[in-house]
Amino acid sequence: MSDPEQTPIETPAAWLRFADENLAVAEREMAADTPAYHTVCFLCQSAAEKYLKGYLIAQGWELEKTHDLVALLTRCADYEERFASLREGGAVLNEYIIAGRYPGDVAYEAIGEEEAEEAMSIVRRIAEAVQSELEL
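Notes on the structure in this doc start here. (Residues numbered from 1 in each chain as written. Predicted model: local features only at pLDDT ≥ 70, side-chain atom pairs only at ≥ 80, totals over all residues. Heavy atoms only, no water.)

A closer look at the overall build of the chain
A count of helices and strands for the chain gives six helices and zero strands. Tracing the chain from N to C terminus, the helices and strands come up as α-α-α-α-α-α. Per-residue burial over the chain gives 40% buried out of 136 residues. In the chain, once contacts between residues fewer than 6 apart in sequence are set aside, the share between residues at least 24 apart is 65%. When the accessible surface of the chain is split by element, carbon and sulfur atoms take 50% of a total near 7800 Å². (Helix = DSSP H or I, 4+ residues; strand = E, 2+ residues; numbered from the N terminus. Buried < 20%, exposed > 50% of the residue type's maximum accessible area, 1.4 Å probe, protein only. Contact = heavy atoms within 4.5 Å. Areas by Shrake-Rupley, 256 points an atom, 1.4 Å probe, with all protein chains shown as cover.)

Let's talk about a negative patch on the surface
A grouping of Glu88, Glu113, Glu114, Glu117 and Glu118 is seen on the molecular surface, where their side chains present a negatively charged patch. It is helix H6 (residues 113-133) that provides the largest number of residues to the negative patch, a total of four residues. Positionally, Glu88 belongs in helix H4 (residues 87-94). Taking the relative accessible area as the measure of exposure, Glu88 reaches 68% and is therefore exposed. (Patch = residues over 30% accessible without salt bridge, like charges linked within 9 Å, V, L, I, M, F, W, Y side chains within 5 Å. Salt bridge = Lys/Arg side-chain N within 4 Å of Asp/Glu carboxyl O. Lys, Arg positive; Asp, Glu negative; His and termini not counted. Charge placed at Lys NZ, Arg CZ, Asp CG, Glu CD.)

Concerning the packing of aromatic side chains
Counted according to the given criterion, the structure contains two aromatic pairs. Look at Tyr55 and Tyr79: their rings are 6.5 Å apart centre to centre, the planes differ by 75 degrees, and that puts the pair in the edge-to-face class. Of this pair, Tyr55 sits in helix H2 (residues 37-58) while Tyr79 is found in helix H3 (residues 69-79), placing the two residues 24 residues apart along the sequence. For Tyr55, a relative accessible area of 2% corresponds to the buried category. Considering the side-chain rings of Tyr55 and Phe83, the 4.7 Å spacing of their centres and the 40 degrees angle between planes classify their relative orientation as tilted. With Tyr55 in helix H2 and Phe83 in the loop between H3 and H4, the pair connects residues that are 28 residues apart, well separated along the chain. Each member of the pair, Tyr55 as well as Phe83, is classed as buried. Each residue in the set Tyr55, Tyr79 and Phe83 is aromatic and connected to the rest through ring pairs, giving one cluster. (Phe/Tyr/Trp six-rings, centres within 6.5 Å; stacked < 30°, edge-to-face > 60°.)

Considering the packing of H2 against H3
Two elements in contact, H2 and H3, have axes separated by 10 Å at closest approach and are oriented at 30 degrees. On the basis of their axis angle, the class for H2 and H3 is roughly parallel. Between H2 and H3 lies a crossing of left-handed hand. Taking contact as the criterion, the partners of Gln45, Ala48, Glu49, Leu52, Lys53, Tyr55 and Leu56 in H2 are, on H3, Leu69, Leu72, Leu73, Arg75, Cys76 and Tyr79. (Axes fitted to C-alpha atoms, helices over the stretch in contact; angles between N-to-C directions. Parallel < 35°, antiparallel > 145°, perpendicular 65-115°, else oblique. Left-handed = near helix turned anticlockwise from the far one by under 90°.)

Shape is all these values report; function is a separate question.
Set out below in structure tokens:
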């Protein structure tokens with residue numbers, strides 16, 4: 001394990017790299033013969049969270065432990081109004097923080113291809129907004 005003092009948690013690039021990795025895994029899973037749609041949705045929420053935290057850190061925001069994408073998008077909108085229009089999608093992805101994550105979740109069976117495609121579309125819009133604002 002690395003020394004926490006040397007971990008670049010305050011580096012936007014590190015957050016964006018992890019977000020890109022989460023999204024890439026979700027994309028590969030969607031291309032599988034039998035995708036685990038609930039996992040795709042969970043990864044999309046995770047990627048969106050990391051994109052937003054990377055953007056906020058680049059604006060000077062001090063890292064907070066939260067998984068609430070609507071709250072993060074609201075903070076992002078304080079810097080750039082275009083993020084406000086993404087809050088509805090953030091609310092959708094928030095549903096996947098827990099839903100389908102554990103055996104016995106009622107939502108597990110309800111998460112299918114349509115939900116996974118929607119989650120992929122939302123996270124891609126968030127990624128594009130972050131990358132555009134950070135000029136990546």
